[in-house]
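Chain residues, written in single-letter form:
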Amino acid sequence: MSEFQIYPAIDLRGGKCVRLFQGDYCQETVYADSPVEMAKSFVEAGAKWIHMVDLDGAKDGSRINDQVVIEAAKLDANIQVGGGIRSREDINHYLSNGVARVIIGSLAVREPELVASFIEEFGAERIVIGIDAKDGMAATEGWIETSHKPAPEVAAYFASKGAKHFIYTDISTDGTLAGPNIEANRKLVADDHSQVIVSGGIGTLDDVKRVKQAAADSPIAGLIIGKALYENRFTLKEALTC
């Protein structure tokens, strides 16, 4: 079993570090003017990975805050990035500029065969399938649109194509601090080689502990934490060591 990883989250909008409530672009809180400085603080606290999302890119379908991400990739931590990644060129742009992994979400729902070819071309360690769900159905375009594809169905397809890393976000919990949907993450994939990163709802250290405990007998292998860190519910160091 791989080492459980905690991914502090940096969401980018207008070049700043923000958080949205349940993915609503009208409910935004700005937490820092410099995402790179925020990333540095996470590295200093012990982060091995940092999760970055280009919210402008996710909404508009193109890379917008990519230079901020590339600058963060120069730090002593691995960066995984999502948002606005729609093509082979987008993937190559990030991976050739120091980013460790790219997250593909909307395109995975709309053009699964194309994304399966990316897994084969770039490798399962470099491509993360991001599945954001509303009422169990995969959402796209920065969570604005909801498909008719159940999240486990999307995951099963990509697992069969060799995908190893999945991020599951329950949109109803994201930014709420109300606790994660652990059961949905447990059920996302059924095969042995896939790993699921939990995203959304973390509000307390007890939430972190519950996810770590669930990882002992499930595909869960990591946890993304955003708002709880920015609102000082606990520190990253506490999360890493609890």
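Residues numbered from 1 in each chain as written. Predicted model: local features only at pLDDT ≥ 70, side-chain atom pairs only at ≥ 80, totals over all residues. Heavy atoms only, no water.

- Regarding the chain, the UniProt comment filed under Sequence similarities (unreviewed entry) reads as follows: "Belongs to the HisA/HisF family."
- Check the Subcellular location (unreviewed entry) section of the UniProt entry for the chain; it says "Cytoplasm". (UniProt positions renumbered as here; feature names shortened; annotations may be inferred.)

A short note on the environment of Ala178
Here comes step 1: Positionally, Ala178 belongs in the loop between strand S10 (165–170) and helix H8 (182–186).
Here comes step 2: Counting along the chain gives 29 residues from Ala178 to Asp207, while the straight-line C-alpha distance between them is 9.1 Å. (Helix = DSSP H or I, 4+ residues; strand = E, 2+ residues; numbered from the N terminus.)

Comments concerning the UniProt feature "active site" (unreviewed entry) in the chain
Here comes step 1: The positions UniProt marks with the feature "active site" (unreviewed entry) are Asp11 and Asp132.
Here comes step 2: Considering the arrangement of structural elements, one finds Asp11 in strand S1 (residues 5–13).
Here comes step 3: Beyond its immediate chain neighbours, meaning those up to four positions away, Asp11 contacts Lys16, Cys17, Val18, Arg19, Val53 and Leu55.
Here comes step 4: By the secondary structure assignment, Asp132 is in strand S7 (residues 127–134).
Here comes step 5: Within polar-contact distance, the side chain of Asp132 engages the side chain of Thr169 at 3.3 Å. (Contact = heavy atoms within 4.5 Å. Polar contact = N/O pair within 3.5 Å; in protein donor to acceptor, adjacent residues only side chain to side chain.)

Some details on the pattern of salt bridges
Here comes step 1: The final tally for this structure, using the stated rule, is 14 salt bridges.
Here comes step 2: Here Lys164 and Glu125 are joined by a salt bridge, their closest N and O atoms 2.8 Å apart. Of the two residues, Lys164 sits in the loop between helix H7 (151–160) and S10 while Glu125 sits in the loop between helix H6 (112–122) and S7, which places them 39 residues apart along the sequence.
Here comes step 3: For Lys164, a relative accessible area of 23% corresponds to the partly exposed category.
Here comes step 4: Across the pair Arg186 and Asp217 runs a salt bridge whose closest N-O atoms are separated by 3.2 Å. Taken together, the positions of Arg186 in helix H8 and Asp217 in the loop between helix H9 (205–214) and strand S12 (220–225) put the pair 31 residues apart, joining distant regions of the chain.
Here comes step 5: Assessed through its relative accessible area of 27%, Arg186 is described here as partly exposed.
Here comes step 6: A residue is classified by how much of its surface remains accessible, and Asp217, at 56% relative accessible area, is exposed.
Here comes step 7: Among the ionic contacts, a cluster of salt bridges with common partners joins Arg13, Glu28 and Asp56. (Salt bridge = Lys/Arg side-chain N within 4 Å of Asp/Glu carboxyl O. Buried < 20%, exposed > 50% of the residue type's maximum accessible area, 1.4 Å probe, protein only.)

Describing H7
Here comes step 1: Buried within H7 are the following residues: Ala151, Val154, Ala155, Phe158 and Ala159. Take H7 and look down its axis: the buried residues cluster within an arc of 135°, on one side only. Away from its buried face by more than 90 degrees, H7 exposes Glu153 and Ser160.
Here comes step 2: Gly162 sits one or two positions beyond H7 and adopts a positive phi of about 100°. (Arc of directions from axis to C-beta.)

Remarks on unusual backbone geometry
Here comes step 1: The phi dihedral of Asn232 falls on the positive side, at around 60°, and the residue is not glycine.
Here comes step 2: Mapped onto the elements, Asn232 comes out in the loop between helix H10 (227–230) and helix H11 (236–241).

Here's the deal with the packing of aromatic side chains
Here comes step 1: Going through the model one piece at a time under the given rule, you end up with five aromatic pairs.
Here comes step 2: Here the aromatic rings of Phe118 and Phe122 are separated by 6.4 Å at their centres, their planes lie at 65°, and the arrangement is edge-to-face. A residue pair is termed a helical-turn pair when its members lie 3 or 4 positions apart in one helix, as Phe118 and Phe122 do in helix H6 at four residues. The two residues Phe118 and Phe122 agree in class, both being buried. (Phe/Tyr/Trp six-rings, centres within 6.5 Å; stacked < 30°, edge-to-face > 60°.)

Considerations on the pairing of strand S5 (residues 78–82)
Here comes step 1: Burial of S5 is extensive: four of the five residues sit out of reach of the surface.
Here comes step 2: As judged from the five bridges shared by strand S4 (residues 49–54) and S5, these two strands associate in the parallel manner. Residue pairing for S5: Ile50 is matched across the bridge by Ile79.
Here comes step 3: When S5 meets strand S6 (residues 101–104), the two strands line up parallel, connected through three bridges. (Pairing = 2+ DSSP bridges.)

Section: the packing of helix H4 (residues 88–95) against H6
Here comes step 1: Running from N to C, H4 and H6 cross one another at 35°; their axes reach a closest spacing of 11 Å. For the pair H4 and H6, the crossing hand works out as right-handed. Touching Arg88, Ile91, Asn92 and Leu95 of H4 are Ser117, Phe118, Glu121 and Phe122, all from H6.
Here comes step 2: Residues that form the contact of H4 with H6 fall into these classes: four nonpolar, two polar and two charged. (Axes fitted to C-alpha atoms, helices over the stretch in contact; angles between N-to-C directions. Left-handed = near helix turned anticlockwise from the far one by under 90°. Nonpolar A, V, L, I, M, F, W, Y, C, P; charged D, E, K, R; others polar.)

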